[in-house]
Amino acid sequence: MTQHTRIEKDSMGSLEVPINALYGAQTQRAIDNFPISNTPLPPLFIKALGLIKFACSESNLELGLLSPQKAAAIQAAAQELIEGNHLEQFPIDVFQTGSGTSTNMNANEVIARLAHQKTDVEIHPNDDVNMSQSSNDVIPTAIHLAAAIALEEQLLPALRHLVNTLSRKEDEVKGIVKTGRTHLMDATPIRLDQEISAWRQLIEDNIERLQETQKRIQRLPQGGTAVGTGINADPQFSNLVCANLSTITAIEFEPMPNLFVGLSSQDSAVELSGQLNVLATSLMKIANDLRWMNSGPLAGLAEIQLPALQPGSSIMPGKVNPVIPEAVCMVAAQIMGNHTAITIGGQSGNFQLNVMLPMIALNLLQSLEIASNASEVLAQKAIQDFKVNQAKIEETLATNPILVTALNRIVGYEMGAAIAKKAYETGQPVLEVALAMTDLDETTLKKHLNPALLTEGGNP
């Protein structure tokens, strides 16, 4: 032992711990055993552990299993974690024991020591802080709890803000007709507000999917203890913990109907990750549409101009890039990769316990966080203030030979194809070519080739 360490003991013996560390021997063993990624579990997960320990101590108090003095001491310490303090005391690598036992004991040790420091009450990490619990139900509960908080407080509000921003943009550009595109090639006209309405609906559908999954994420396995049977926990413990967590967080939690499921599988986490995977595909589609529409400004589509946020090149003066859509696309790719890892993790439920819990927690919470932030940034820094280059849109639309599609029912597909081909070859407007190649008069042609009418469906 040096002046910088102290001796701590656990069931395996004694070892040195940094003198100012709030954790004890079990945490130190995990720090020593897993020098893998230098990536600890995220702050929201630590907050969730604090919430669980707070709610469990209150439940044990209500059951008469924990004295008021000990419950108050544990809750005072747990509140410190809930408020985001002492994150440096949770250094254990995410790549650790698959149950997350090391991190649960990390929380137990930190809370026990903090509780003693704050109240002078002797608190045991296992007997008191971990009373009626096991790492095997605490860590799965923390995954659900942290994800539920992120979903309710971060992601869903961010997506609603994105929907509102898109809706306002729809109103702003209403009536602007542009060339539609399929296969990246010119197609029949579409209004810009119609195009944006598709983006809005994508996000609204994602909100609906997430809300459907939300009810399963808010079912908690706390009370299953070691294997799901609830050994060492009162039969009412699960209900009490969920009720207490509901009060603390203002999010409605309830026990899982089958606690064995909550310990042995992570299907609800995989489901939520799957919904985030869908959201990622939607965000990437919107972001890429914005990139294409902004492309140029001289040699691209140049239909819109995204806000100029920063210089785009270290060598080409004046170049400005679509940095927000690019960032959103990278977020989408990361979420897709996280989903693959979470899916593999979800398959690792061996008998009564899933053994990839910390990795699932890390990736799921990262996906929730970056999806929330990317949605906010996309709304605020790309969609809200982009400008429409109406002159460019009208120029392209006026010379689009695909307008001839509207004449199919009058002149037939073959004649329509001939008109389009001639218009492509000569660069003439379709109206002029159709006047020369058919017996239709100008009034009739103008009626049928009106781009605005073509966006309404049916037959002009």
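This text follows the structure it describes.
Description of the structure in this document. (Residues numbered from 1 in each chain as written. Predicted model: local features only at pLDDT ≥ 70, side-chain atom pairs only at ≥ 80, totals over all residues. Heavy atoms only, no water.)

So, about the nonpolar core. Nonpolar side chains tend toward joint burial in soluble globular proteins. Core analysis: the largest hydrophobic core is formed by 106 residues, its most contacted members being Ile-203, Leu-368 and Leu-378. In terms of residue count, helix 6 (residues 135-172) provides more of this core than any other element does, 17 residues in total. Setting aside residues no more than four positions away along its own chain, Ile-203 makes contact with Leu-159, Leu-162, Val-163, Leu-166, Leu-279, Ser-282, Leu-283 and Ile-286. Counting residues in hydrophobic clusters, the runner-up holds 14 residues, among them Leu-403, Ile-419, Val-430 and Leu-445. (Core = buried A, V, L, I, M, F, W, Y, C linked by side-chain atoms within 4.5 Å. Buried < 20%, exposed > 50% of the residue type's maximum accessible area, 1.4 Å probe, protein only. Helix = DSSP H or I, 4+ residues; strand = E, 2+ residues; numbered from the N terminus. Contact = heavy atoms within 4.5 Å.)

A few words on the pattern of salt bridges. Tallied over the entire structure, the rule returns 20 salt bridges. Of the charged contacts, one joins Arg-181 and Glu-303 as a salt bridge, the two residues approaching to 2.7 Å between their closest N and O atoms. Of the two residues, Arg-181 is situated in strand 3 (residues 177-182) and Glu-303 in the loop between helix 10 (267-294) and strand 7 (304-305); the sequence distance between them amounts to 122 residues. Salt bridges sharing common partners tie together Lys-174, Arg-191, Asp-193 and Glu-456. (Salt bridge = Lys/Arg side-chain N within 4 Å of Asp/Glu carboxyl O.)

Its 13 residues give helix 8 (residues 237-249) an end-to-end C-alpha distance of 18 Å, which sits within 8% of 18 Å, the value for a rise of 1.5 Å per residue. For helix 8, every residue scored as buried is listed here: Phe-237, Ser-238, Val-241, Cys-242, Asn-244, Leu-245, Ser-246 and Thr-249. Structurally, helix 8 contributes buried residues whose contacts are with helix 2 (43-62), helix 6, strand 5 (219-220), strand 6 (254-255) and helix 9 (259-264). Immediately beyond the C-terminal end of helix 8, within one or two residues, lies Ala-250, with a positive phi of roughly 65°. (Expected span 1.5 Å × (residues − 1).)

Moving on to the pairing of strand 1 (residues 5-10). As a general feature of sheets, a regular strand has side chains that alternate between the two faces. Relative to strand 2 (residues 13-18), strand 1 runs antiparallel, the two sharing 6 bridges. For Glu-8, the partnering residue across the bridge sits in strand 2 and is Leu-15. A loop of 2 residues connects strand 1 with strand 2, the two strands running antiparallel in sequence. (Pairing = 2+ DSSP bridges.)

This part takes up the packing of helix 2 against helix 6. Running from N to C, helix 2 and helix 6 point in directions that differ by 115°, and their axes come no closer than 8 Å. Considered as vectors, helix 2 and helix 6 are oriented roughly perpendicular to each other. Viewed along their axes, helix 2 and helix 6 form a crossing whose handedness is right-handed. Together, Leu-44, Phe-45, Ala-48, Leu-49, Leu-51, Ile-52 and Lys-53 of helix 2 and Val-138, Ile-139, Thr-141, Ala-142, Ile-143, Leu-145, Ala-146, Ile-149, Ala-150 and Gln-154 of helix 6 make up the contact between the two elements. Taken together, the residues of the contact of helix 2 with helix 6 break down into 14 nonpolar, 2 polar and 1 charged. (Axes fitted to C-alpha atoms, helices over the stretch in contact; angles between N-to-C directions. Parallel < 35°, antiparallel > 145°, perpendicular 65-115°, else oblique. Left-handed = near helix turned anticlockwise from the far one by under 90°. Nonpolar A, V, L, I, M, F, W, Y, C, P; charged D, E, K, R; others polar.)

Tracing the backbone shows Pro-322 in the loop between strand 7 and helix 11 (323-346). Taking the relative accessible area as the measure of exposure, Pro-322 reaches 14% and is therefore buried. Beyond its immediate chain neighbours, meaning those up to four positions away, Pro-322 contacts Arg-291, Asn-294 and Leu-306.

Let us look at the side chain of Ser-59. Of note, Ser-59 is situated in helix 2. We classify Ser-59 as buried; its relative accessible area is 0%. Of the polar contacts made by the side chain of Ser-59, one reaches the backbone oxygen of Ala-55; its length is 2.8 Å. Excluding anything up to four places from it in sequence, Ser-59 contacts Phe-237, Leu-240, Val-241 and Asn-244. (Polar contact = N/O pair within 3.5 Å; in protein donor to acceptor, adjacent residues only side chain to side chain.)

Given the relative accessible area of 3%, Glu-303 is considered buried. A polar contact is formed between the side chain of Glu-303 and the side chain of Lys-178, at a distance of 2.7 Å.

Note that the residue after Gly-296, namely Pro-297, is joined by a cis bond; omega there is 5°. Within the secondary structure, Pro-297 sits in the loop between helix 10 and strand 7. For His-86, which is not glycine, the phi dihedral falls at a positive 70°. The phi dihedral of Leu-184 falls on the positive side, at around 65°, and the residue is not glycine. Secondary-structure assignment places Leu-184 in the loop between strand 3 and strand 4 (185-191).

Applying the stated criterion to the full structure yields 0 disulfides. A disulfide-free cysteine, Cys-242 has its sulfur positioned 9.6 Å from the sulfur of Cys-56, the nearest such atom. (Disulfide = S-S within 2.5 Å.)

Any functional reading would require information beyond the geometric quantities listed.
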